[in-house]
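# Observations on the three-dimensional arrangement
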Amino acid sequence: MLGPLEVLDAGRPVRLGGPRAEKVLATLLLAGGAVIGPDGLTDALWDGEPPPTATHQVHKAIAGLRARLPGHIDTVGTGYRIRADDLDLARFTDLVAAGALTQALDLWRGPALAGIDGRTLRAAAARLDDRRLAAVEASVELRLAAGDAGAGLAAELAGLIAAHPLRETLRRQLMVALYRCGRQADALAVYAETRALLARELGVDPGPDLVRVHQQVLRADPALDRPGAAPCTLPYDLPDFAGRTADLTRLLEPAPGGAVVISAIDGMAGIGKTALAVHAAHRLAPSYPDGQLFCDLHAHTAGAAPLTPAAALERLLRMLGVPPEAIPEDLDGRAARWRAELAGRRVLVVLDNAAGAAQVRPLLPGSPRSLVLVTSRRRLGVLEGATVLSLDVLPPAEAVALFAAVAGVSDPAAAEVVELCGFLPLAIRIAATRLAHRPEWTVATLAGRLRSARLAELTLADRGVGPAFALSYGQLAPAERRLFRLLGLHPGTDFDAWSAAALAGTTPARAEALLESLVDAHLLRPYGANRYTFHDLLRSYAREVAPKDGGRRLHDYFLAAATAATDLVSPGTRRFTPAAAPPRHLPALSDVDDALAWLAAEHHTLVAIALGADDWQLACVLRTYFEHRGHFADWRATSEHALAHADPLGTVLLRFGLGSLAMWTDRLAEGMEHFRLALAGADPDIEAAALTSLGMLAHLDGRDAEAAGYLRRALTHEGRTAALARNNLGLAEARLGRGATALSLHREALATADSAAATRAILLGLGETSLRLGLPAERPFREALALARAGRFRMQEALALDGLAHATGDPAWWRPALTILTELGVERAGLVRRHLADPAGRWCDLCQAPSTVDDARPAVLLRR
C-alpha cells in the first residue's frame, strides 16, 4: 500500500482484475481487518454516487478477488473483511513505534496507493502520506541531534520543501542544517521566504519554533552548533503532540543555578507523562548540548521487571560511552562514576516509568548544570528537591485538539468522543487512530461504539487502556489489589473510608491507609474532604476485575448507617427493625446536622443501592430523608422498585410512604389509592395512620364530611397517630363550620403530641384553622417554623413561611418559601409567585374571610 497497490505471492505479483478490484481491495485493507458493509464499498468505488448496478458490480469484484486471493476475504453478515498477514502499512506503523525510522521509510515505494483514484480513497492515501512525512521529519530531527548537518542533508530538505512548501518543521530543520554548514545568510533567507509564503497563502506568521531558530541564527547561538559526539537517546517526539500548554510552560522555565533541577511528573496510566517529558526534552535539548539521555526504568512495562538502580546506572554510563569494563560492579561505585562523568557537563536526563523515589535517588547527577525529568505512575513528592507536576486529564478544548490532530478530522461529535474517553490522552489517541484507520466510520459512529463498550473499544493492536491499567494494578500490594477490586462493587460516584472498610471487612483507619496508597498510585482520586473517586475509565476497569460477591456487606452497612442517620432526623417514627448483619464500624453521627450531612454525601450511593437491592428495607428507611429534604423523584423511584421485593409488612409501609409522597406532590387521587391499599394489610397502628392520612387527603380535596369519617375511625384506635388524627379532624371541622370544636381538637392534639414531627404538623394545622376563623395565627406558625428549621424539614418550613405571610400580611415571608419550593421542584411554587405578584389582593382576602371559603379551596399552601 505504500506506493502503487501490489499483491505478492512468494515474491510474484498477483493480478487483481482491474481498477475496480484494486479499489475494493484498498478499501478492505484500509479497514485494518474490520468489516466493511456494502455502503462503504460503494462509497469508495463511486464517491457516494453509485450506479443502479452498484451492488452487482461490488459482488462481482469481490468474487474476482476471492478467486485471486483464496482464503483471505470473509463474508460477515452483509459485509466483508480481509485477513492480510503481511502488510507493509502495518510494518511501517510498528517500525515507527519502535523508533526504527530508516527501516520504516525504506518500505515506501512512492505515494500511498498511487494510481488509485476516487475522493474517499485519495483522502485516506493523503493521510498515509502525511504519516510518512511526519516520520521523515522525525528522522531528520534525529540526524540533526546526532550531528548530521552536511550539504547532503540540506539538499534533501530543500527537495522535501519543494514538494511540501508549508511544512514549517522542514523549513526549521533546513535553517539549522544550513547554519551548521556555515551558510548563515541562506538560513536567514529561508526564514524570510517562509514568512512571506505563510502571509501570502494563509495570512499567518511563522510558528514559535521557527521564530526561535531564527533568533538563534541571528545571534549565532552556540546551541545551534553541531553537537559532535554528545549522546542523544531521546525517543521520537510525537508530531501531533497537542495540549498541556500550562504544564509545558512549567517544564520549560529557565533552570535556576546552584543545584540539579529535578521535575517529577506523575499521573495515572495513559495520562501522557512520557509524551510530555519527551516533548519537553526535545524543546530543551539545545540548552543541554552535552547530552540528552533517556532511560526507561520499567516500573510498569509488560513482561519486564523494574530496573534496579545499579542496572539503570550501567545503561546510563554506557550511553555516555563508558566502556563496560570501566563500569564498577557495585551500586555506590556506579553512582560515583555517573556523577563524575556528568561533572561540569550540561546534560538532560529523562528517567521514565519510575517505580518510586527509592529507584531514582541513586541516578540523580551531582552537576548543578544538569536537568532531570522523572515520570512515574506513583506520586513522587518524597523525592527531595524535586518540583512535582501531577498531571490531570486534558481540559475539553485540549482533548478535542488532540483528537483532531491524531484523527485528521474536525467534527462537533468529537466533544462526546473525548468525554467518553475520560479526557485521557492514551484513550483519545487510540480512539482517534482507530477512526483514522477506518474511513467508513464517522466520528458519530465512533462515539456510538464507545457508548456501548468503552474499554473494549479503546484497544488497538498491543496498546490499550485496559492493559495499561492492568500494569498499574499488578504493581499493587495484595491488600491494595483486594480493596481496588472490591471498590469495583461500589455503585456510588464517590466513597469514604467507612464504606470501603465495610467492603473489605476491616477498620476505617486501615481502609483509609489503603485508599491513600491507591491515590498515590493514581488509581483513585481525592474527592473533597475525606472522600475518594475513580476516573471514569478506571471505574470501568475496577468493575471488570471486581469479585462476584462482597456487595451484600456494603448493602448491610448502608442500611445500618442510614437507619442510624434517619433515626436522628426523625426520632421515633420508624415502624420496623431492619434485618441485616450489623457492620462492625459505623460513622459517629451526633445530631440531625451530622445525619443530614452524611445522608447528603451518600445520597447517590444510597439511591443506587436501593434501586439495585432485592429487598425493601433501605427504601423504607430512606423515606424520612427524602421527605425532609424534598427528594421526591428518588423517593418514588426507590419505593416503586422496592414494592417488587417486599413482604406483606414492607408492602404496607411502602404504600404508606407512596401515599405521603402523593400528598406532598398534589396527587390526591393517587395518594388515596395508596392509603386504601395500605389499609388492606395493616396492623391497627398502621391502619390508624392510614386513616389519618386518608382524612387529610379528603380534606385537601374539599371533601370534609368524608374526611371527618376517616378521622373519627382513626381515633377509635388511639395509637401513635391519634394526635395527628385530632389535628386533621380539627381542619375538617373548621371548614364544616364548627370552629369551636376545631380549636378544641387542635389544642388537645398539641397536648398529646409525642414527637417534634407531630408537633410541627399540629402547629401548622392550628395556624390554618386560626386563619380560617379570623383569629391571630402568627404564633403557631412561628413555632412551627422554628421546629421545622430545627428538624431541617424543608417542606414544612415552606408551609410555615407561607402561613406567616398570610397571618402577618407581610409578603416578605413568601420569598424564602419560594426559594425552598423552587429548589424542591414543587408545583406550589407557582402559587407563591402569584401571591408575590398580588400580595394585597384576593389571595389574603380569600384566606381570611370564612364566608367565602366554605365551598372553595383556599390558596394557603397547606390546603392545596
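Rules behind the numbers
- Residues numbered from 1 in each chain as written.
- Predicted model: local features only at pLDDT ≥ 70, side-chain atom pairs only at ≥ 80, totals over all residues.
- Heavy atoms only, no water.
- Patch = residues over 30% accessible without salt bridge, like charges linked within 9 Å, V, L, I, M, F, W, Y side chains within 5 Å.
- Areas by Shrake-Rupley, 256 points an atom, 1.4 Å probe, with all protein chains shown as cover.
- Salt bridge = Lys/Arg side-chain N within 4 Å of Asp/Glu carboxyl O.
- Helix = DSSP H or I, 4+ residues; strand = E, 2+ residues; numbered from the N terminus.
- Buried < 20%, exposed > 50% of the residue type's maximum accessible area, 1.4 Å probe, protein only.
- Expected span 1.5 Å × (residues − 1).
- Arc of directions from axis to C-beta.
- Contact = heavy atoms within 4.5 Å.
- Axes fitted to C-alpha atoms, helices over the stretch in contact; angles between N-to-C directions.
- Parallel < 35°, antiparallel > 145°, perpendicular 65-115°, else oblique.
- Left-handed = near helix turned anticlockwise from the far one by under 90°.
- Phe/Tyr/Trp six-rings, centres within 6.5 Å; stacked < 30°, edge-to-face > 60°.
- Lys NZ or Arg CZ within 6 Å of the ring centre and 35° of its normal.
- Pairing = 2+ DSSP bridges.
- Core = buried A, V, L, I, M, F, W, Y, C linked by side-chain atoms within 4.5 Å.

## Re a nonpolar patch on the surface
Among the surface-exposed residues, Leu166, Leu202 and Val204 lie close enough to one another that they form a single nonpolar patch of about 250 Å² accessible area. As for its placement among the helices and strands, leucine 166 is situated in the loop between helix H7 (151-163) and helix H8 (168-180). With a relative accessible area of 40%, leucine 166 lands in the partly exposed category.

## Notes on helix H34 (residues 704-715)
Residues separated by three or four positions in an α-helix point in the same direction, a consequence of the helix having 3.6 residues per turn. Under the 1.5 Å per step criterion, the end-to-end length of H34 is 16 Å for 12 residues, consistent within 8% with the ideal 16 Å. Among the residues of H34, Asp704, Ala707, Ala708, Tyr710, Leu711, Ala714 and Leu715 are the ones counted as buried. Along the axis of H34, the buried positions cluster into a sector of 165°, meaning they face one direction only. The elements touched by buried residues of H34 are helix H32 (668-680), helix H33 (684-700) and helix H35 (722-735).

## Side note on the packing of H33 against H34
Closest axis-to-axis distance for the H33/H34 pair is 8 Å, and the angle between their directions is 165°. The orientation of H33 relative to H34 falls into the category roughly antiparallel. The chirality of how H33 crosses H34 is left-handed. Every residue of H34 that contacts H33 at Glu687, Ala688, Leu691, Thr692, Leu694, Gly695, Ala698 and His699 is listed here: Asp704, Glu706, Ala707, Tyr710, Leu711, Arg713 and Ala714.

## Some details on the packing of aromatic side chains
Counted according to the given criterion, the structure contains 14 aromatic pairs. Centroid distance tyrosine 557 to phenylalanine 558: 4.9 Å. Interplanar angle 70°. Geometry classified as edge-to-face. An aromatic cluster of three or more residues is present, and its members are Phe469, Tyr473, Phe484, Phe495, Phe534 and Tyr541. Against the face of tryptophan 441 rests arginine 438, its NZ or CZ located 5.1 Å from the ring centre.

## Looking at the pairing of strand E6 (residues 292-296)
Most of E6 is tucked away, with four of its five residues classed as buried. Pairing geometry for E6 and strand E7 (residues 348-354), over five bridges, is parallel. Bridge pairing in E7 places glutamine 292 opposite leucine 348.

## Topic: the nonpolar core
In terms of nonpolar packing, the biggest core is built from 170 residues, with Phe403, Val465, Phe484 and Leu487 touching the most fellow members. Of all the elements, H33 adds the most residues to this core, at nine residues. Setting aside anything within four residues of it in sequence, one finds leucine 487 in contact with Phe495, Ala500, Leu503, Leu515, Leu518, Leu524 and Phe534.

## Quick look at the sheet that holds strand E13 (residues 525-526)
The three strands lie next to each other as E12-E14-E13, forming an open sheet whose pairing is antiparallel. Both outer strands of the open sheet, strand E12 (494-495) and E13, are each paired with one neighbouring strand and no more. Of the strand pairs in this sheet, E12 and strand E14 (residues 532-533) are connected by two bridges, and their pairing is antiparallel. By the bridge assignment, aspartate 494 is partnered in E14 with threonine 533.

## A word on the sheet that holds strand E8 (residues 371-376)
On the basis of which strands lie adjacent, the open sheet formed by five strands has the order E6-E7-E8-E5-E9 and parallel pairing. Edge strands, defined here as strands with exactly one partner in the open sheet, are E6 and strand E9 (386-390). Shown here is a sheet whose adjacent strand axes are inclined to one another by a mean of 15°, direction ignored. Relative to E8, strand E5 (residues 261-266) is paired through six bridges, and the arrangement is parallel. Each bridged residue has a counterpart across the sheet, and for isoleucine 265 the counterpart in E8 is threonine 375. Contacting E5, E6, E7, E8 and E9, helix H12 (residues 273-284) crosses the sheet at an angle of about 165° to E8. Packing against the sheet, helix H13 (residues 309-319) makes contact with E6 and E7, and its axis sits at approximately 150° to E6.

## Quick notes on unusual backbone geometry
Of note, the phi angle at arginine 244 is positive, near 60°, even though the residue is not glycine. With respect to the helices, strands and loops of the structure, arginine 244 is situated in the loop between helix H10 (208-218) and helix H11 (245-251). For arginine 244, a relative accessible area of 6% corresponds to the buried category. Even without being a glycine, histidine 522 presents a positive backbone phi close to 60°.

## Quick look at the pattern of salt bridges
Scanning all chains against the criterion turns up 50 salt bridges. A salt bridge links aspartate 494 to arginine 531, with the shortest nitrogen-to-oxygen separation between them at 2.6 Å. Of this pair, aspartate 494 sits in strand E12 while arginine 531 sits in the loop between E13 and E14, and the two are 37 residues apart along the sequence. With respect to class, aspartate 494 is no different from arginine 531; both count as buried. Note that aspartate 556 is salt-bridged to arginine 552, the shortest N-O span being 3.4 Å. Highlighted residues: aspartate 556 and arginine 552, both in helix H26 (residues 551-569), separated by four residues, approximately one helical turn. By relative accessible area, aspartate 556 is classed as buried at 9%. Since its relative accessible area comes to 41%, arginine 552 is described here as partly exposed. Residues participating in the shared-partner salt-bridge network are Asp494, Asp496, Arg531 and Glu602.

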